[in-house]
Amino acid sequence: MTSAKIVIAGGFGVGKTTLVGSVSEITPLTTEAIMTSAGVGVDDTRSVPNKTTTTVAMDFGRISIDRDLILYLFGTPGQTRFWFMWDELVRGAIGAVVMVDTRRLADCFAAIDFFEHRKLPYLIAINQFDGQQYHNAQDVRDALAISQDVPVVSCDARNRESTKQVLISLVEYVLSMRRTRTGVSA
Ligand SMILES: Nc1nc2c(ncn2[C@@H]2O[C@H](COP(=O)(O)OP(=O)(O)OP(=O)(O)O)[C@@H](O)[C@H]2O)c(=O)[nH]1
Ligand SMILES: [Mg+2]
């Protein structure tokens, strides 16, 4: 039995807490705080008008991928004022999911920079909000100016099968990167 730590990152209100909640087999630990009028003009909720809370420390969940592999999920806070915690949250992680809302692509740039800088493997998960225009993976890859190797997948953060598939894609990617680095063929 192996366990591994995965980080779920991305900009404000992109669906990180929703993903951890949908895929976790334990009741996720969340640290949601009510968003008050003090956040007006600071927190941009135009794309997520029903959002009333925000993560202030982290989300934590667990999923067994199969009998041999358990993933521990750590969702980051999205707002830049909490980013001082990211260094602690990523310690020991094997990889990260960067969630993206294509209506607000720039919100994920900082997360991508963070993982590129620390050489932590990551994939891009496009969260398909209702009414969002469809963009194919290559267009998103070009817009984000990321390498061809980085997987770009789509998901519905509310759907367990969909989010589980994102995590499986990440684990496969991390394993393929490790094989390449150690020169062992697949
Ligand atoms: N339509 C739709 N709504 C979604 C989806 N994923 C999340 N939402 C909604 O979007 C809002 C934001 O979700 P959260 O999961 O709190 O986002 P977050 O990234 O954890 O936000 P912060 O922690 O504040 O950065 C919530 O109101 C969700 O109900 C989705 O796939 N489709
Ligand atoms: Mg959250």
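Residues numbered from 1 in each chain as written. Chains lettered and ligands numbered in written order. Predicted model: local features only at pLDDT ≥ 70, side-chain atom pairs only at ≥ 80, totals over all residues. Heavy atoms only, no water.

Per an unreviewed UniProt entry, the protein is named ATP-binding protein, and its organism is Catellatospora coxensis.

### Side note on the packing of aromatic side chains
The following threshold applies: Aromatic contacts are taken between Phe, Tyr and Trp rings whose centres are within 6.5 Å, Trp giving its six-membered ring; a plane angle under 30 degrees counts as stacked, one over 60 as edge-to-face, and the others as tilted. What counts as a helix is a DSSP run of H or I of at least four residues, what counts as a strand is a run of E of at least two, and both are numbered from the N terminus. Residue burial is assigned from relative accessible area. The probe radius is 1.4 Å, only protein chains are included, and a residue is buried under 20% of its type maximum, exposed over 50%, and partly exposed in between. Put simply, a charge is over a ring when the Lys NZ or the Arg CZ is close to the ring centre, within 6 Å, and near the line of the ring normal, within 35 degrees.
Scanning the entire structure with this criterion turns up seven aromatic pairs. Ring centres of Trp86 and Phe114 lie 5.3 Å apart, and the angle between their planes is 80 degrees; on these two criteria the pair is classed as edge-to-face. Of the two residues, Trp86 is situated in helix H2 (residues 86-90) and Phe114 in helix H3 (residues 109-117); the sequence distance between them amounts to 28 residues. With a relative accessible area of 13%, Phe114 lands in the buried category. Between Phe114 and Phe115, the aromatic rings sit 5.4 Å apart at their centres with planes inclined by 90 degrees, giving edge-to-face as the arrangement. Connected via pairs of aromatic rings, a cluster forms that spans Trp83, Trp86, Phe114, Phe115 and Tyr122. The lysine or arginine in question, Lys5, covers the ring of Phe74, its NZ or CZ lying 4.5 Å from the ring centre. Between Arg118 and the ring centre of Phe114, over which it is positioned, the NZ or CZ distance is 3.7 Å.

### Looking at the site of ligand 1
Rules: Nearness here has a simple test: a residue counts as near a molecule or strand if at least one of its heavy atoms is within 4 Å of that partner. Pairing of N or O atoms within 3.5 Å defines a polar contact, subject to two protein rules: one partner must be a possible hydrogen donor and the other a possible acceptor, and residues neighboring in sequence count only if both atoms are side-chain atoms. Computed by Shrake-Rupley with a 1.4 Å probe, the accessible areas treat only the displayed protein chains as cover when residues are assessed. Charged residues are taken to be Asp, Glu, Lys and Arg, nonpolar residues to be Ala, Val, Leu, Ile, Met, Phe, Trp, Tyr, Cys and Pro, and polar residues to be all remaining types, Gly included.
Taken together, 19 residues lie near ligand 1, and Lys16, Thr17, Thr18, Thr54 and Asn127 sit nearest. Within the side chain of Arg158, a nitrogen or oxygen atom sits 3.3 Å from a nitrogen atom of ligand 1. A total of 660 Å² of accessible area belongs to ligand 1 in isolation, and the protein chains cover 86% of it. With three residues, the top contributor of residues to the shell around ligand 1 is helix H1 (residues 16-23). Tallied by class, residues from the shell around ligand 1 come to five nonpolar, nine polar and five charged.

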